[in-house]
Amino acid sequence: MWRFFLRRVGYTIIALYLLVTAIFFLFRLLPADPTATIVDPAMPPETIAALRETFGLDQPPHVQYFMYMRNMLRGDFGSSFYYRRPAFDVLRDKVANTLVLAAAALIVSYGIGVLLGALLAWWRGRGVEIAGIVLSLFFRSAPEFWIAMLAVMLFSYHLGWLPHAGIASPGSQVYGLARFFTLDFLRHLALPLLVSSLYQLANPLLLMRNTMLDVMGEDFVDMARAKGLPPKDVIYRHAARNALLPVVTALALYIGRAVGGMVVIEYVFGWPGLGREILLAANRYDYPVAQAAFTLIAALVSVMNLVADLVYSYLDPRIAYK
């Protein structure tokens, strides 16, 4: 078991190192000059050279690479060209906003998806099952921005129930973690949460339904029915508990992907999160912020993949000995 654990940790470190290296050199291959946003052509050449030296851009790429890797191991991702602040400080609040949105979408989509998936398997062949599958696939296949625009038109402009953008109303004086527990924040969270949950719903719903169909053919489920147990006990106390293993594994992978998959949602709803900041940093040629954001996402996805592997090997020990 320890050999399996150490091998997986080693694979994760190697994959993360290759990802960080690829991210660094991909940005250096871009044709645009990152100093274009901070250098005024009217500046004297000495000032321009001093600015490039400040950000380390006067060094050849391989020297910049070793400096970047050395500083990153110390937790220093460089200074933002646009904000003139450490890149990690720029992203710190953005990461918290994205995590709150992703966690809320995870709880809603997985909570509803698992329960509905179990029910759809129980109602196999009925109109309710077909309607549930069609609706979940519709929201999964439809472009997120289109669903988001429809939600904004309906709930913000026509009904006027919910704000269409931002994380707080103008003039709000609540800061820190306390802002996540205000009614104003929850009203701003409602539309991004609704659209994101509808988009994510199909994965747990269909995975749970398909696994439940396999489990419901087992002898212990027939035995529970023969005992005369109520349908809800047969579904949730016997069949669903044994069908949750693939759903739990997919959940660990989803957490990692969710953080980086909120770009469209955050941009449409003006949510000040990590995905929106990546898009803005790319448009501004702000390499340090974009690199730091991609590195954080890559690290989170790698760690969650490692957790999924370890959880699966714990639940099914045969995996660890293959």
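Please refer to the structure higher up on the page.
### Overview of the overall build of the protein chain
Assigned secondary structure in the protein chain consists of 14 helices and zero strands. For the protein chain, the N- to C-terminal ordering of α and β elements is α-α-α-α-α-α-α-α-α-α-α-α-α-α. Scored against the burial criterion, the 322 residues of the protein chain give a buried share of 39%. The long-range fraction of contacts in the protein chain, counting pairs at least 24 apart against all pairs at least 6 apart in sequence, stands at 76%.

### A look at helix α5 (residues 127–141)
When the terminal C-alpha atoms of α5 are compared, their 21 Å separation across 15 residues agrees well with the 21 Å that a helix rising 1.5 Å per residue should span. Of the residues making up α5, those classed as buried are Glu129, Gly132, Ile133 and Ser136. Mapping the buried residues of α5 onto a view down its axis gives an arc of 95°, with all of them on the same face. Seen from the open side of α5, the exposed residues pointing more than 90 degrees away from its buried face are Gly127, Ile130, Val134 and Ser141.

### So, the pattern of salt bridges
Inspection of every chain in the model, using the stated rule, returns three salt bridges. Each of the salt bridges in this network shares a partner with another, and the network as a whole consists of Arg124, Glu129 and Arg209.

### Comments concerning the side chain of Lys94
Inspection of the secondary structure assignment puts Lys94 in helix α4 (residues 87–122). The buried charged residue Lys94 lacks any salt bridge, with Glu277 as its nearest oppositely charged partner at 4.2 Å. Excluding residues that lie within four positions of it along the chain, Lys94 makes contacts with Pro272, Gly273, Leu274 and Glu277.

### Structural notes on the side chain of Ser136
Along the chain, Ser136 falls in helix α5. Those residues in contact with Ser136 that sit more than four places away from it in its chain are Ala202, Leu205 and Leu206.

### Observations concerning the environment of Ala239
Position of Ala239 relative to the elements: it lies in helix α10 (residues 231–242). Taking relative accessible area as the criterion, Ala239 reaches 1% and is therefore assigned buried. Sequence separation of Ala239 and Ala224 is 15 residues, and the distance between their C-alpha atoms is 9.4 Å.

### A short note on the environment of Val303
By the element assignment, Val303 lies in helix α14 (residues 287–315). Judged by its relative accessible area of 42%, Val303 falls in the partly exposed class. Sequence separation between Val303 and Ile13 is 290 residues, and the spatial gap between their C-alpha atoms is 9.4 Å.

### Comments concerning helix α7 (residues 183–200)
Here α7 spans 25 Å end to end across 18 residues, near enough to the 26 Å set by a 1.5 Å rise per residue. Approximately 35° is the largest bend angle found in α7, and it occurs at Ala190, with the proline Pro192 only one to four residues beyond. Those residues of α7 that fall on the buried side of the exposure criterion are Phe185, His188, Leu189, Leu191, Pro192, Leu193, Val195, Ser196, Ser197 and Gln200.

### A short note on the nonpolar core
Nonpolar side chains in soluble globular proteins generally cluster together in the buried interior. Counting residues in hydrophobic clusters, the biggest one holds 39 residues, and the most contacted among them are Leu189, Val195, Met208, Met212 and Phe269. Elements represented by at least two residues in this core include exactly α4, α6 (144–158), α7, α8 (202–215), α9 (219–226), α10 and α11 (245–260). It is α4 that contributes the most residues to this core, nine residues altogether. Those residues in contact with Met208, other than ones at most four positions away along the chain, are Gly113, Val114, Gly117, Ala118, Ala240, Ala243, Leu244 and Val247. In this structure, Phe24, Leu91, Ile278 and Val289 belong to the second largest nonpolar core, which totals 23 residues.

The rules behind the values
- Residues numbered from 1 in each chain as written.
- Predicted model: local features only at pLDDT ≥ 70, side-chain atom pairs only at ≥ 80, totals over all residues.
- Heavy atoms only, no water.
- Helix = DSSP H or I, 4+ residues; strand = E, 2+ residues; numbered from the N terminus.
- Buried < 20%, exposed > 50% of the residue type's maximum accessible area, 1.4 Å probe, protein only.
- Contact = heavy atoms within 4.5 Å.
- Expected span 1.5 Å × (residues − 1).
- Arc of directions from axis to C-beta.
- Salt bridge = Lys/Arg side-chain N within 4 Å of Asp/Glu carboxyl O.
- Lys, Arg positive; Asp, Glu negative; His and termini not counted.
- Bend = angle between axes of the 7 residues up to and from the residue.
- Core = buried A, V, L, I, M, F, W, Y, C linked by side-chain atoms within 4.5 Å.

Everything listed here is a matter of coordinates, which is why it stays silent on function.
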